[in-house]
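Architecture at a glance
If you want the building blocks of each chain, they are given just below.
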Amino acid sequence: MQRFLCLLLLSLAGSVSAQLSLPHFFSDHMVLQRERAAAVWGKAAPSAEVSVNFKGRSATAKADAGGRWRVAIETGAADASGAELTVVSGTETRTLRDVLVGEVWIASGQSNMFFTMDRVPDYAELIAKSNHPGLRMFNAPLVTAVEPQEDIDGSWSSATPETVPGWSAVAFFFARKLHLDLGVPVGVLKTAWGGKPVETFTSREALNTLPGTKALVDALLKEDAVYNPAKSQAAYETKLAEWQATMAAAKGKSAEERRRLPKKPMPPKRPLDTEGKPGVLYNAMIHPFVGYSLRGAIWYQGEGNAKAGAVPYDQSLPLMIGDWRKRWGDSFSFYYVQLAGYRAPSTAPGTPDPWPLLQDRMRLVLATTPKTGMAVTNDVGEADDIHPKNKKDPGERLALWALAKDYGRDMIYSGPLYRESRVEGGSMRVQFDHAGKGLRARDGAALKRFEIAGADKVWHWGEAEVAGPDSLLVRSPAVAAPVAVRYAWASNPEGANLINSAGLPASVFRTDDWDDVEPKVAPAAAQANAAATARRALGAEIRALAVERDSHPRGSPEYQAKQKRFLELMAKFKAGAGQK
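Throughout this document, residue positions are counted from 1 along each chain, in the order its sequence is written. Totals for whole chains, interfaces and linings use every residue, but because this is a predicted model, local features are given only for residues with pLDDT of at least 70 and side-chain atom pairs only at 80 or more, for both listing and counting. Excluding hydrogens and water, the side-chain figures rest on all heavy atoms present in the structure.

Here's the deal with the overall build of the chain
Selection criterion: Labels follow the DSSP assignment, with helices taken as runs of H or I lasting at least four residues and strands as runs of E lasting at least two, numbered in each case from the N terminus. The cut-offs for exposure are 20% and 50% of the maximum accessible area for each residue type, with area from a 1.4 Å probe on protein chains only; residues under the lower value are buried, those over the upper are exposed, and the others partly exposed. Residues are treated as being in contact if the distance between any of their heavy atoms lies within 4.5 Å. The method behind every accessible area is Shrake-Rupley, applied with a 1.4 Å probe, and residues are considered shielded solely by the protein chains displayed.
Helix and strand counts for the chain come out as 14 helices and 23 strands. With the C-alpha coordinates of the chain rotated into their principal frame, the extents come out at 100 × 75 × 55 Å. In the chain, which comprises 580 residues, the proportion classed as buried is 50%. Residue pairs in contact within the chain that sit at least 24 positions apart in sequence constitute 74% of those at least 6 positions apart. Taken as a whole, the chain presents about 26600 Å² of accessible surface, with 53% of it coming from carbon and sulfur.

Examining the packing of helix H10 (residues 313–328) against helix H11 (residues 354–368)
Formally: Angular values range over 0 to 180 degrees, each being the angle between N-to-C directions of two axes fitted as lines to C-alpha atoms, with helices fitted over their stretch in contact. Every angle not falling under 35 degrees, over 145, or within 65 to 115 is termed oblique; those three ranges are roughly parallel, roughly antiparallel and roughly perpendicular. Helix crossings get a hand from a simple test, with the near helix turned counterclockwise from the far one by less than a right angle marking a left-handed crossing and a clockwise turn marking a right-handed one.
The N-to-C vectors of H10 and H11 enclose an angle of 50 degrees; their axes lie 8 Å apart at closest approach. Taken together, the axes of H10 and H11 lie oblique to each other. Crossing angle aside, the handedness with which H10 passes H11 is right-handed. Listed contacts from H11 to Tyr 313, Asp 314, Leu 317 and Pro 318 of H10 are Leu 358, Arg 361, Met 362, Leu 364, Val 365 and Thr 368.

Quick look at the sheet that holds strand S21 (residues 484–487)
To keep things clear, this is the line we draw: Two strands qualify as a pair provided that DSSP identifies no fewer than 2 bridges between them.
Pairing within the open sheet is antiparallel, and its 4 strands lie in the order S18-S17-S21-S23. Both outer strands of the open sheet, strand S18 (459–461) and strand S23 (509–510), are each paired with one neighbouring strand and no more. Sheet analysis places strand S17 (residues 450–453) next to S18, joined by 3 bridges and oriented antiparallel. Directly across from Ala 453, in S18, lies its bridge partner Trp 459.

With respect to H10
So the rule is basically this: Given the number of residues in a helix, its expected span is that number minus one, multiplied by 1.5 Å.
Taking 1.5 Å per residue as the helical rise, H10 with its 16 residues ought to reach 22 Å, and the 22 Å between its terminal C-alpha atoms agrees with that figure. Among all positions of H10, only Tyr 313, Ser 316, Leu 317, Pro 318, Leu 319, Met 320, Ile 321, Asp 323, Trp 324, Arg 325 and Trp 328 are buried. Gly 329, located one to two residues past H10, shows a positive phi value of around 65 degrees.

Focus: the packing of aromatic side chains
Basically, it comes down to this: Within 6.5 Å between ring centres, the rings of Phe, Tyr and Trp (the latter by its six-membered ring) count as paired, and their orientation is classed by plane angle as stacked under 30 degrees, edge-to-face over 60, tilted in between.
If you walk through the whole model with that rule in mind, you get 29 aromatic pairs. Where Phe 25 meets Phe 138, the ring centres are 6.2 Å apart and the plane angle is 80 degrees; that geometry is what we call edge-to-face. You can see Phe 25 sitting in the loop between helix H1 (2–17) and strand S1 (31–33) and its partner Phe 138 sitting in strand S8 (residues 132–139), a full 113 residues away along the chain. A single burial state applies to Phe 25 and to Phe 138, both of which are buried. Measuring from ring centre to ring centre gives 5.9 Å for Trp 299 and Trp 324, while their planes differ by 90 degrees; the resulting arrangement is edge-to-face.

Brief notes about helix H14 (residues 557–575)
Threshold: Starting at the helix axis, one direction is taken to each C-beta atom, and the arc is that of these directions.
Across its 19 residues, H14 extends 27 Å between first and last C-alpha, which sits within 8% of the 27 Å expected from 1.5 Å per residue. Those residues of H14 that sit buried are Tyr 559, Phe 566 and Leu 569. Buried residues of H14, seen end-on, are gathered within an arc of 95 degrees and therefore sit on one face of the element. Opposite its buried face, H14 presents the exposed residues Pro 557, Lys 564, Lys 572 and Ala 575, each directed more than 90 degrees away.

Observations regarding the environment of Phe 25
What makes Phe 25 buried here is its relative accessible area of 0%. C-alpha of Phe 25 to C-alpha of Trp 156: the two residues are 131 residues apart in sequence and 7.2 Å apart in space. Those residues in contact with Phe 25 that lie beyond four places of it in its chain are Met 30, Trp 41, Phe 138, Asp 151, Ile 152, Trp 156, Leu 189, Pro 288, Phe 289 and Tyr 292.

Remarks on the nonpolar core
Just so we agree on the cut-off: Throughout this description, the term nonpolar core refers to a set of buried Ala, Val, Leu, Ile, Met, Phe, Trp, Tyr and Cys residues connected via side-chain atoms within 4.5 Å.
Core analysis: the biggest nonpolar cluster contains 113 residues, and Trp 69 and Trp 324 have the highest contact counts within it. Those residues in contact with Trp 324 that lie beyond four places of it in its chain are Ser 108, Phe 201, Tyr 282, Ile 286, Ala 297, Trp 299, Phe 332 and Phe 334. Judged by nonpolar contacts, the second largest core, of 25 residues, contains Ile 452, Val 479, Ala 488 and Ala 506.

Focus on the sheet that holds strand S19 (residues 463–466)
With antiparallel pairing, 4 strands are arranged side by side in an open sheet as S14-S15-S20-S19. Of all the strands in the sheet, the pair left with one neighbour each is strand S14 (417–424) and S19. Across the sheet, the mean angle from the axis of one strand to that of its neighbour is 25 degrees, orientation sign disregarded. The pairing of strand S15 (residues 427–433) with strand S20 (residues 471–475) spans 4 bridges and is antiparallel. Bridging from a neighbouring strand, Met 428 pairs with Val 474 of S20.

Remarks on the environment of Val 198
One can find Val 198 in the loop between strand S10 (186–192) and helix H5 (204–207). On the basis of relative accessibility, which here comes to 1%, the residue Val 198 falls in the buried class. It is 7.0 Å that separates the C-alpha atoms of Val 198 and Ser 316, two residues lying 118 residues apart in sequence. Not counting chain neighbours up to four residues away, the residues in contact with Val 198 comprise Trp 299, Gln 301, Asn 305, Tyr 313, Ser 316, Leu 317 and Met 320.

So, the confidence of the model for the chain
Cut-off, in case you're wondering: For every residue, the predictor assigns a confidence score, pLDDT, that lies between 0 and 100.
Mean pLDDT over the chain stands at 92; residues scoring 70 or higher make up 93%. The model gives residues 4–16 a pLDDT under 50, and that stretch makes 0 contacts with residues more than four places away or in other chains.

Focus on the packing of helix H4 (residues 169–182) against helix H12 (residues 392–405)
Between H4 and H12, whose axes approach to 7 Å, the crossing angle comes to 45 degrees. Taken together, H4 and H12 sit at an angle that is classed as oblique. Note that H4 runs across H12; the crossing there is right-handed. For the pair H4 and H12, contact is made by Val 170, Phe 173, Phe 174, Arg 176, Lys 177, Leu 178, Asp 181 and Leu 182 and by Lys 392, Pro 394, Gly 395, Glu 396, Leu 398, Ala 399, Leu 400, Ala 402 and Leu 403, respectively.

Concerning the pairing of strand S4 (residues 57–62)
Two strands pair when backbone bridges link them, and strand S3 (residues 49–54) and S4 are joined in this way by 6 bridges, in the antiparallel orientation. In the sheet register, Ser 51 faces S4, and the bridge partner there is Thr 60. Here S3 hands over to S4 after 2 residues, with Lys 55 in that stretch at a positive phi of 55 degrees.

Here it is as C-alpha cells:
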C-alpha cells in the first residue's frame, strides 16, 4: 500500500508540473520562415522562465500570470538539413525534430482551396513521383469555435506519394513551384473549408467596422440570442424521424422518384458555433495561427459570395486582408485566385450576372489594397462543375506573383489587366498593364467576348483588334458612338481568348459603372422578399421576447408586461400569415 501511495503521489506531482506546451503547428517537421526572428509561443507554469534554442541561438521569455509566453528566435538562412528546436522551462523540455528553415505561406479559402490532389486522376503520375523532403504542409481540420482559439489540431508532413494525395492541390502546385524554382524548403499552413463566405474567415471585430458586414454580425447575434438547444434538438429529432419514414417508404421506387427525396436533416448547432457564420472560422481556423512568421498568404474563395445583394467583394475581401495583417502585425503579401468560369456559356451580350461582377471586384482589389496579386483563371473553368479539375494553372499562377514580387524574379507574372480606355472615332481604345511583349489571341483567331455599348446602354458584341503593344481597338457597326466596353462578362465566357506574350489570360473588366450588372428583382418578387424578411425579423423578435419574458417569475409585473407585448406581436405575426 505504501508503495502504491508513493507512485500515486509521484504521478500527481508529474501531472501538476507538466505544464509546458506548444500549439500543434509547433511540432516535428515544421518549417520556420527564413531570415526572420520567428515567433514561437505556448504555455508554461505562471511566471516560469522559458528558453527556446535553435541552431546555436536562444531566446528567453517569462510566462505571464496565465502561463502564456512568446519568444522570437532568429532563423538565419534557408536550411534543408533539419535541426532540433528545444523549449525548456524548469525541469520540462520539449524537443521538436527535423525543423527546416525556408519559406512559409498560409493557404485558405473554400472548396477550391480545400480540393485535394487525389480528386484528379491525371495527377496520379505526378503524385507517384512526389518525393520532396523540403516541401511540407500542415493540414488543419474542419472545426468551429464561438471564441478565438489558441490551438488547432493537425500535423506537418513532407511531400511523398503517401501524403500528397490528401494535400490541397492549389497549395501543392504553388508551393512546389516555389520549392523547385528557389531551391529552398517551403512550408504551407493549409486551413480551408468548402462552401464558406469570406465573412466567416474575418473576425467579428473587423466585420463590425463595415456597415454591410456589421448587419450580418447583428443578425447572427439576434439568431444566437433566441437559440434554444432543447427545442432545436426536439425539432431535429422530429424531422429526422419524418425523414427516416420517408426513406423507408421510398424503398423499391424508381430512381427518378428517389431523386426528389429530401436530404437528411442536420443536427442543430448553436449559431455562434456554426460553420459559415460571420467570424466563426476565423475563431477556430485562422486565429490559432496568428503570429506564425510567414512570407504571405494565398487565397481561393469567392464562390460563396457570388450572389446578388452580397456585400461587394472589393469591400469584404480587403476587410479580411487588413484584419489578418493587423493581427499578425505584418503587411505580408496576399495573392488570390480569381473565380474560374462556371455554368452554361452565355450567348448574348449584356447578360446580368453576379459571377463576373465578383470577378471584376476581385480585380479592383489590386488597386486599393497594397501587396496583393490575382491569378486569372477564366480559361480553366468547367460549365457543370464549380470545382474545375485544373488546379495546376491556378497554383502556379499564384506562384508567379510570389516569384516576381517577393523573390525578385524578372518575369511576366500576371495576365493583361485593364488600365484605361478612350473613344477614338467610332471605336474604343482599351489599354492594358502586363501585356508583356504584346497582346494576342490564344488560338490565333479573332478576339472574342468583347461587348460594346453607346449612351443607350444597349450592349452588342464587339470586334476587337490589336492596335499596339498594350492596346486594342473595339468597335461594332451597331454602335456609332461607343461609350463603354466589357470583356468576358459572363459566368462562363466561352471563347474569351485575349492573352499576353507569356500566354497568361486577360482578366474580366468593364469600363463603365452602370447598374445593369446584377439580375433585377421583379417588383412583385421584391415586395414578397421584403415581406418575408420582415416576417422573419418579427419571428426573431417574438422568440427573443419569449426568452426575456420567461426569465421572470410568472405573475410578476415584469412577466405580465412582456406577456402583453408577446400577445400583441403574435397577433401581428398571425395576421401576416396570409400575406407571405
